[in-house]
Amino acid sequence: LFKQTGRNGLFSRSDARTFRPLHSTAGGKAILSTWPREKVEAYIERNGLETITERTISSASTLFERLEEVRERGYATNREETVEGLGAVSVPIKDPNGEMIGALGISGPINRVLNGDSEYPQILLDAKKELELTIRLL
């Protein structure tokens, strides 16, 4: 819904409202990671696994492996799966009942966002805690 460019950000023509298949974005994979396997299978059956770049996940088995990784570490990544050179990190956001209501993410040049010592995953995990607490207290 919202897009903000940071102090050292790069201008991007991408619109925060642009649709991309869920399996190809960090936010989409964060959302898919909260779904039961049957719902993800139905998504694949209905939509397929469209390839956007050569790095886009295009097999169901790989997608299920990645979703398990997201569940284990708490965040999803996009490594040039929608745009070459672009990386992203995202976390699922849940309501007080544990229902997924959206995702919060950061994207930028892959060398900044997903380098080996990137602080963005932890920043997002911390922001997730604060946001979900705020939602509970509303």
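Given the structure is predicted, the values throughout are model-derived calculations rather than measurements.

(A) Fine view of the side chain of Ser24. Assignment of secondary structure puts Ser24 in the segment before α1 (26–32). Residue classification places Ser24 among the buried residues on the basis of a relative accessible area of 0%. Apart from the residues within four sequence positions on either side, Ser24 is in contact with Ile52, Thr56, Asn78, Glu81 and Thr82.

(B) Representation of the packing of helix α2 (residues 37–47) against helix α3 (residues 60–73) within the structure. Contact geometry for α2 and α3: axes closest at 12 Å, N-to-C directions at 140 degrees. Here α2 lies oblique to α3, going by the angle between them. By crossing handedness, the relation of α2 to α3 is classed as right-handed. Contact with α2, carried on its side by Arg37, Val40, Glu41 and Ile44, involves Ala60, Leu63, Phe64 and Leu67 of α3 and no other residues of that element. Its residues assigned to classes, the contact of α2 with α3 comprises six nonpolar, no polar and two charged.

(C) The arrangement of the nonpolar core in detail. Membership of the largest hydrophobic core is limited to 11 residues, which are Ile31, Leu32, Trp35, Val40, Tyr43, Ile44, Leu49, Ile57, Leu63, Phe64 and Leu67. Those elements that provide at least two residues to this core are α1, α2 and α3. Here Leu49 is in contact with His23, Ile44, Ile57, Ser58, Ser59, Ala60 and Leu63, once residues within four sequence places are set aside.

(D) Main features of the pairing of strand β3 (residues 100–109). One ladder, built from nine bridges, connects strand β2 (residues 86–94) with β3; its direction is antiparallel. The residue of β3 that forms the bridge with Gly87 is Gly108. Between the antiparallel neighbours β2 and β3 lie five residues, among them Gly98 with a positive phi of about 85 degrees.

(E) Molecular detail of the packing of aromatic side chains. Tallied over the entire structure, the rule returns one aromatic pair. Taking the ring centre of Trp35 as reference, the NZ or CZ of Lys39 above it sits at 4.4 Å. Sitting over the face of the ring of Tyr75, Arg73 holds its NZ or CZ atom 4.7 Å from the ring centroid.

(F) Representation of the pairing of β2. For β2, the tally of buried residues reaches seven of nine residues, placing the bulk of the element in the interior. Bridge count between strand β1 (residues 76–79) and β2: four bridges; the pairing is antiparallel. By the bridge assignment for β2, Ala76 is matched with Ser90. Between the end of β1 and the start of β2, which pair antiparallel, lie six residues, with Glu80 showing a positive phi angle near 60 degrees.

The rules we used
Sequence order as written defines residue numbering, which begins from 1 separately in each chain. Reporting in this predicted model follows two pLDDT cut-offs: at least 70 for local features of residues, and 80 or more for side-chain atom pairs to be given and counted; totals over whole chains, interfaces and linings ignore these cut-offs and use all residues. Side-chain descriptors were evaluated using all non-hydrogen atoms of the structure, hydrogens and water having been removed beforehand. Runs of H or I in DSSP of at least four residues are treated as helices and runs of E of at least two as strands, each being numbered from the N terminus. Think of it in three bands: with a 1.4 Å probe and only protein chains considered, a residue is buried below 20% of the maximum accessible area for its type, exposed above 50%, and partly exposed in between. Pairs of residues are marked as contacts when any of their non-hydrogen atoms sit within 4.5 Å. Lines fitted to the C-alpha atoms define the axes, with helices restricted to the stretch that makes contact. Angles between their N-to-C directions range from 0 to 180 degrees. Here the angle decides the label: under 35 degrees means roughly parallel, over 145 means roughly antiparallel, 65 to 115 means roughly perpendicular, and every other value means oblique. Throughout, a crossing is termed right-handed when the near helix is turned clockwise from the far one, and left-handed when it is turned anticlockwise from it by less than a right angle. Amino acids outside the nonpolar list (Ala, Val, Leu, Ile, Met, Phe, Trp, Tyr, Cys, Pro) and the charged list (Asp, Glu, Lys, Arg) are all regarded as polar, and Gly is one of them. The nonpolar core is taken to be a set of buried Ala, Val, Leu, Ile, Met, Phe, Trp, Tyr and Cys residues, with the residues joined through side-chain atoms within 4.5 Å. For two strands to be treated as a pair, DSSP must find at least two bridges joining them. Stacked, tilted and edge-to-face pairs are distinguished by plane angle, under 30 degrees for stacked and over 60 for edge-to-face with tilted covering the rest, among Phe, Tyr and Trp rings (Trp via its six-membered ring) whose centres lie within 6.5 Å. Both a distance and an angle decide whether a charge sits over a ring: NZ of Lys or CZ of Arg must be within 6 Å of the ring centre and within 35 degrees of the ring normal.

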